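What the coordinates show
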Number of protein chains: 2
Amino acid sequence: MLTIALNKTAGKDPLYEQLYQHIKNSITKGEISAHTKLPSKRALAAQLGISIITVANSYGQLQAEGYIYSKPRSGFYVSPLDSLINTASNISNIHNNPEKPASTSRRLASSAYISPMHPKGFSLDLSSNSASQYFPFQTWSRLLRQALSQHQPELLQRSPAAGLLSLRQTICQHLKSFRGMEVNPEQVIIGAGTEYLYDLLIKLLGRNLNYCVEDPGYKKLLYIYEDAGAYCSALPIDEQGISLQELNNGHYNVLHISPSHHFPTGIVTPVARRYELLAWAEHSQSYIIEDDYDTEFRLTGKPISSLFSMDKSSRVIYLNTFSQSLTPTIRISYMILPLLLLEKFNHQLSYLSCSVSNFEQYTLAQFISQGYFERHINRTRNSYKKLRQQLLRALTRHPQHSLIQILPQASGLYFLLRIHTTASDDKLEKTFASKGIRIQSLRHYFVNTALAPDHTFVMNYSSITQEDIPLLVNFLFDSIGY
Amino acid sequence: MLTIALNKTAGKDPLYEQLYQHIKNSITKGEISAHTKLPSKRALAAQLGISIITVANSYGQLQAEGYIYSKPRSGFYVSPLDSLINTASNISNIHNNPEKPASTSRRLASSAYISPMHPKGFSLDLSSNSASQYFPFQTWSRLLRQALSQHQPELLQRSPAAGLLSLRQTICQHLKSFRGMEVNPEQVIIGAGTEYLYDLLIKLLGRNLNYCVEDPGYKKLLYIYEDAGAYCSALPIDEQGISLQELNNGHYNVLHISPSHHFPTGIVTPVARRYELLAWAEHSQSYIIEDDYDTEFRLTGKPISSLFSMDKSSRVIYLNTFSQSLTPTIRISYMILPLLLLEKFNHQLSYLSCSVSNFEQYTLAQFISQGYFERHINRTRNSYKKLRQQLLRALTRHPQHSLIQILPQASGLYFLLRIHTTASDDKLEKTFASKGIRIQSLRHYFVNTALAPDHTFVMNYSSITQEDIPLLVNFLFDSIGY
């Protein structure tokens, strides 16, 4: 039992901070031993006469800092002291706390499916993807060390706005071998993540323009364009991707799409549609941003030629990221500008500083040029291919398999699962969550939710392991049977 | 004489690439020996029947990669082979080439004084500052290695939009001991460089507002605000910084200033003026962005309390960067939001990804918390203090010292030098340049150049060494005597 005296006088530290400090001190002093269960949020709130939100905030911060851990459907426990490291942690989950009452902000309202950070409490999180678990620490560490000892003068020399030439060169080599793309290093612009590059593109293309994105898709894109002061619409897609009819119904200046592997449906826009899109761009003097995010992890089918390679009229900007293929915590993305835009970039925006550290640019350049990136992609892809097969097999061989259907398109680190049920998507998500599994329905990716198919769930399986499969599959079918 | 056959058939590599490859191969094979002068761009262009721009592009790339070097007012020469390293290089100097005809773009027109990247050909560059030469590679490398081997799970865990809590905590500790500031880690927002943070602030504060900056100052700020779609004015400063009269003459919503160490004049805004500015902000419901850039390197005088600490009405945003105090090639800056804005940030912008890699955030957190940052600042400051004294002594003891005057204010990594001459600033700069010295007049930092004092030069001395002083001083007085 925790005995805590909180000072509610105005001007003192906020209550959640006092509570956090008190529990933290008790843990570090050893007054509460490892693996002790903490009181439930509700109980502690009642005991102290404060709100549950306040307790949740304190627990959230303690958990983010590693002082306590949670067990699904059980509660919070004190971490063993020797695991208390000065951990990289997340204070913002205080603000994204699912227990927070429905928010006035569309950002908060939608944060759950945008980029769920630290979904602690979920033992299996299928709400977002990254190939992080295969990050090659040893190689990266060695290359970094080499750079830091052997290339000090270069590391201290300012990178041009577009990034280090050596990295831009190796990216061109990679694109040639991996995507058959012919790109000049001058055309490559490096930036600290795709979000940064979208902002840069808006500066380059113009703000008072009509942008459009795919619906369903990453809603985050819509927010980014709007927060940068552009107008942005979400256009419905058909089974081949964005449709010409939709484009021609409006006056759009910039179209942002993922034609080679749409997320989350996995749709691949076929060649004929691609030519139509290119003709639209040329005719309307519009630009297409080709987001090739995730193509490295298409696991089946022949890679399709990029729109950028097919474009003859300088209307396509190609965009990709290493944050997806290595780890989201390394912020390196790039875009390839068509020549006319490159000229404009050099005249208008080369005064900016490159937003990525030289140290990591240099390390990544070596990582690619020495062949490690290709090996990493291959190894990772093979592992995921195997994991995917095992998961699909476990699902389709389950005695109740007739209750589900695996949709065929999405062939990357995710697939779509249709569930034959009368329960609402919301109810199913809550049931999954109550079992410690975070799975989101396709509806979350729609702006116009009326268009969303029912009972279809996005299975981002990249953060689970082979050992998790039986548990996941059982919980899943249990939930359906509820 | 170079004999080169270029293939102008469509579909072949671009001409500049062919030319670049050809010359590069000739150099690496030893067919052209070290220090051989290459044909002038004009001559080679005429000989090969291609444009001068194409040759300039090839030479630019060769130079950026270290295959050739340039001598001012002479031309390009082959580098000695053993200095050929896979250098981090700069293709953008192709576009900033001083031989390029006067540009239509204000960016290019002003790029010279914005952030001169790779001013190759200048043996002494006093046009920009950084404390890079003292970058503690060994310590940094050790901390990075430790992080990479001991903290792998944390490094792969997504950082919240505002950055890793551990780094934000250590920044608060640093601000407390170094600046006497009381800041909650929640208020700290990490970003990949100040330019990134300015953009973020515009998203937070609003785009359709009137921003204002100091004149003289970093003109880049003006461009950044305008490129982000905001209105931005440059207001003249008096001997205490930005004046209330100027502020009250317009309707400004956001004021961006460096009250503790104005660049490049070194002016420190006194306490009375600070209170006036705070009252203005409170009364007009405006915001003040306090750019504390470079305060670590004020070499004399007591550090003055930050505006942020004096602010009682949540109107001041504090901003600083590690890119200045460590090396500009590490992109880590931060801002401190007042509580009301923090709330807005968490609601509106926490969906964004943090733009700095976890690896470097984690390393920097350790670097600060283990006391290395403080030691680095102290060591660097002492070295520069000594260098500054030596340079000032050499200048004031020169037989012709009566031709110059050192202006008293600027006490950081720069000072202002007034030259008693009838020659124009432009002529003097060119004379300096002809001797391989890059020094810029204060005029370059003015938007309203009519306000600029004559014959006043900004001496950014941080990239020179003690050994350079006699040469620099002699060249300088030689130039004056021209």
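From a predicted model like this one, the values you see are computed outputs, not experimental measurements. (Residues numbered from 1 in each chain as written. Chains lettered and ligands numbered in written order. Predicted model: local features only at pLDDT ≥ 70, side-chain atom pairs only at ≥ 80, totals over all residues. Heavy atoms only, no water.)

We now examine the side chain of B:Ser243. Residue and element names in this part refer to chain B. Relative to the elements of secondary structure, Ser 243 occurs in the loop between strand E7 (241-242) and helix H10 (244-248). A polar side-chain atom of Ser 243 sits 3.2 Å from the main-chain amide nitrogen of Glu 246. If we ignore the near neighbours within four places in the chain, the residues touching Ser 243 are Pro 236, Asp 238 and Arg 273. (Helix = DSSP H or I, 4+ residues; strand = E, 2+ residues; numbered from the N terminus. Polar contact = N/O pair within 3.5 Å; in protein donor to acceptor, adjacent residues only side chain to side chain. Contact = heavy atoms within 4.5 Å.)

All right, on to the environment of B:Phe178 then. Following the sequence through the fold, B:Phe178 ends up in helix H7 (residues 165-179). Separated by 196 residues in sequence, B:Phe178 and B:Glu374 have C-alpha atoms that sit 8.7 Å apart.

Residues and elements named next belong to chain A. With respect to topology, four strands assemble into an open sheet ordered E12-E13-E16-E15, the strand pairing being antiparallel. At either end of the open sheet lies a strand with only one pairing partner, and these are strand E12 (404-406) and strand E15 (440-441). In this structure, E15 lies alongside strand E16 (residues 456-460), joined through two bridges in antiparallel fashion. When the bridges of E16 are listed, Gln 440 appears paired with Val 458. Of the strands in this sheet, E12 and strand E13 (414-419) are in contact with helix H16 (residues 372-396), which crosses E13 at around 10°. Against the sheet, helix H17 (residues 425-434) contacts E13, E15 and E16, and its axis sits at roughly 35° relative to E16. (Pairing = 2+ DSSP bridges. Axes fitted to C-alpha atoms, helices over the stretch in contact; angles between N-to-C directions.)

Another aspect to go through is the state of the cysteines. Each disulfide consists of a covalent bond between the sulfur atoms of two cysteine residues. All names here are of chain B. Evaluated as defined, the whole model comprises zero disulfides over all chains. For Cys 232, which is in no disulfide, the shortest distance to another cysteine sulfur is to Cys 212 and amounts to 7.2 Å. Take Cys 232: its relative accessible area is 12%, and that puts it in the buried class. (Disulfide = S-S within 2.5 Å. Buried < 20%, exposed > 50% of the residue type's maximum accessible area, 1.4 Å probe, protein only.)

All names here are of chain B. Relative to the assigned elements, Ala 230 resides in the loop between helix H9 (219-227) and strand E6 (231-238). Separated by 24 residues in sequence, Ala 230 and Gly 206 have C-alpha atoms that sit 8.1 Å apart. Excluding residues that lie within four positions of it along the chain, Ala 230 makes contacts with Arg 207, Leu 209, Tyr 211 and Tyr 225.

Turning next to the pattern of salt bridges. Any two side chains of opposite charge can pair, so long as their charged atoms come close to each other. All names here are of chain A. Within this structure, the stated rule accounts for 20 salt bridges over all chains. Taking the shortest distance from any N to any O, the salt bridge between Lys 220 and Glu 195 comes out at 2.7 Å. Of this pair, Lys 220 sits in helix H9 (residues 219-227) while Glu 195 sits in helix H8 (residues 194-205), and the two are 25 residues apart along the sequence. Taken as a pair, Lys 220 and Glu 195 share a single burial class, namely buried. Between Arg 443 and Asp 425 there is a salt bridge whose closest N-O contact spans 3.5 Å. Pair noted here: Arg 443 is in the loop between E15 and E16 and Asp 425 is in helix H17, with a separation of 18 residues, a long-range link. One salt-bridge network, held together by shared partners, links Asp 238, Arg 273 and Glu 276. (Salt bridge = Lys/Arg side-chain N within 4 Å of Asp/Glu carboxyl O.)

Residues and elements named next belong to chain B. Within the open sheet, the eight strands sit side by side as E4-E11-E10-E9-E8-E5-E6-E7. Their pairing is mixed. With one partner strand each, in any of the chains shown, strand E4 (188-191) and E7 form the two edges of the open sheet. Examined bridge by bridge, strand E10 (residues 316-321) and strand E11 (residues 333-336) share four bridges and lie antiparallel to one another. Looking at the pairing, Asn 320 lines up with Tyr 334 of E11. With respect to the sheet, H7 is in contact with E4, E10 and E11, its orientation differing from that of E4 by roughly 110°.

On domain assignment, one finds that chain A holds domain 1 (15-80), domain 2 (124-129 + 375-480) and domain 3 (135-370). Just the C-alpha atoms count here: the centres of domain 1 of chain A and domain 3 of chain A sit 43 Å apart. (Domains from an automatic or database assignment.)

Before going further, it helps to examine the nonpolar core. One finds A:Trp140, A:Tyr461, B:Trp140 and B:Tyr461 to be the most contacted residues of the largest nonpolar core, which totals 169 residues. Here the element with the most residues in this core is helix H16 (residues 372-396) of chain B; it accounts for eight residues. Look past the residues within four positions of B:Tyr461 in its chain and what remains in contact with it is B:Leu126, B:Asn129, B:Leu299, B:Tyr384, B:Leu387, B:Arg388, B:Leu391, B:Gly412, B:Leu413, B:Tyr414 and B:Phe415. Ranked by size, the runner-up nonpolar core spans 68 residues in total, among them A:Tyr223, A:Leu337, B:Val213 and B:Ile317. (Core = buried A, V, L, I, M, F, W, Y, C linked by side-chain atoms within 4.5 Å.)

Between two aromatic rings, the relevant description is the distance of the centres plus the angle of the planes. Residue and element names in this part refer to chain B. If you walk through the whole model with that rule in mind, you get 51 aromatic pairs over all chains. Between the aromatic rings of Tyr 218 and Phe 263, the centroid separation amounts to 4.8 Å while the plane-to-plane angle is 15°, which identifies the pairing as stacked. Highlighted residues: Tyr 218 in the loop between strand E5 (210-215) and H9 and Phe 263 in the loop between strand E8 (254-257) and helix H11 (271-284), separated in sequence by 45 residues. Note on Tyr 218: relative accessible area 28%, which makes it partly exposed. For the ring pair Phe 432 and Phe 457, a centre distance of 5.7 Å and an interplane angle of 80° mean the geometry is edge-to-face. (Phe/Tyr/Trp six-rings, centres within 6.5 Å; stacked < 30°, edge-to-face > 60°.)

A few words now on the packing of helix H5 (residues 137-150) of chain A against helix H5 (residues 137-150) of chain B. Two quantities define a packed helix pair, namely the angle between the axes and the distance from one axis to the other. Taken N-terminus to C-terminus, the directions of H5(A) and H5(B) make an angle of 180°; their axes are 10 Å apart at the nearest point. One finds that H5(A) runs roughly antiparallel with respect to H5(B). Taking contact as the criterion, the partners of A:Phe137, A:Trp140, A:Ser141, A:Leu144, A:Arg145 and A:Leu148 in H5(A) are, on H5(B), B:Phe137, B:Trp140, B:Ser141, B:Leu144, B:Arg145 and B:Leu148. In terms of residue class, the contact of H5(A) with H5(B) is made up of eight nonpolar, two polar and two charged. (Parallel < 35°, antiparallel > 145°, perpendicular 65-115°, else oblique. Nonpolar A, V, L, I, M, F, W, Y, C, P; charged D, E, K, R; others polar.)

Glancing now at helix H8 (residues 194-205) of chain B. Residue and element names in this part refer to chain B. Taking 1.5 Å of rise per residue, the twelve residues of H8 would be expected to cover 16 Å, and the 16 Å separating its terminal C-alpha atoms lies within 8% of that figure. Of all twelve residues that make up H8, twelve are buried, and the element is covered over most of its length. Every buried residue of H8 is listed here: Thr 194, Glu 195, Tyr 196, Leu 197, Tyr 198, Asp 199, Leu 200, Leu 201, Ile 202, Lys 203, Leu 204 and Leu 205. In the stretch just after H8, Gly 206 is the one whose phi turns positive, near 125°. (Expected span 1.5 Å × (residues − 1).)

Residue and element names in this part refer to chain A. Summarising the element assignment, Ser 58 is placed in helix H3 (residues 52-64). A polar contact of 2.9 Å, which involves the side chain of Ser 58, links it to the backbone oxygen of Tyr 16. With residues up to four places along the chain from it excluded, the contact list for Ser 58 reads Tyr 16, Leu 19 and Tyr 20.

Right, let's talk about the pairing of strand E9 (residues 287-291) of chain B for a bit. Successive side chains on a regular strand alternate, one facing one side of the sheet and the next facing the other. Residue and element names in this part refer to chain B. Counting buried positions over the five residues of E9 gives five, a clear majority of the element. Residues Tyr 287, Ile 289 and Asp 291 of E9 are buried on one face, and the alternating residues Ile 288 and Glu 290, pointing to the opposite face, are buried as well. Here four bridges tie E8 to E9, and the two strands are oriented parallel to one another. The partner of His 256 across the bridge, within E9, is Ile 289. Read from E8 through H11 to E9, the crossover connection turns out right-handed. When E9 meets E10, the two strands line up parallel, connected through four bridges. Across the sheet, residue Ile 288 finds its bridge partner in E10, namely Val 316. (Right-handed = clockwise from strand over helix to strand, strands pointing away.)

Our next topic: the environment of B:Ile202. Residues and elements named next belong to chain B. Tracing the chain through its elements places Ile 202 in helix H8. Residue class for Ile 202 comes out buried when judged on its relative accessible area of 1%. Placed 134 residues apart in sequence, Ile 202 and Ile 336 show a C-alpha to C-alpha distance of 15 Å.

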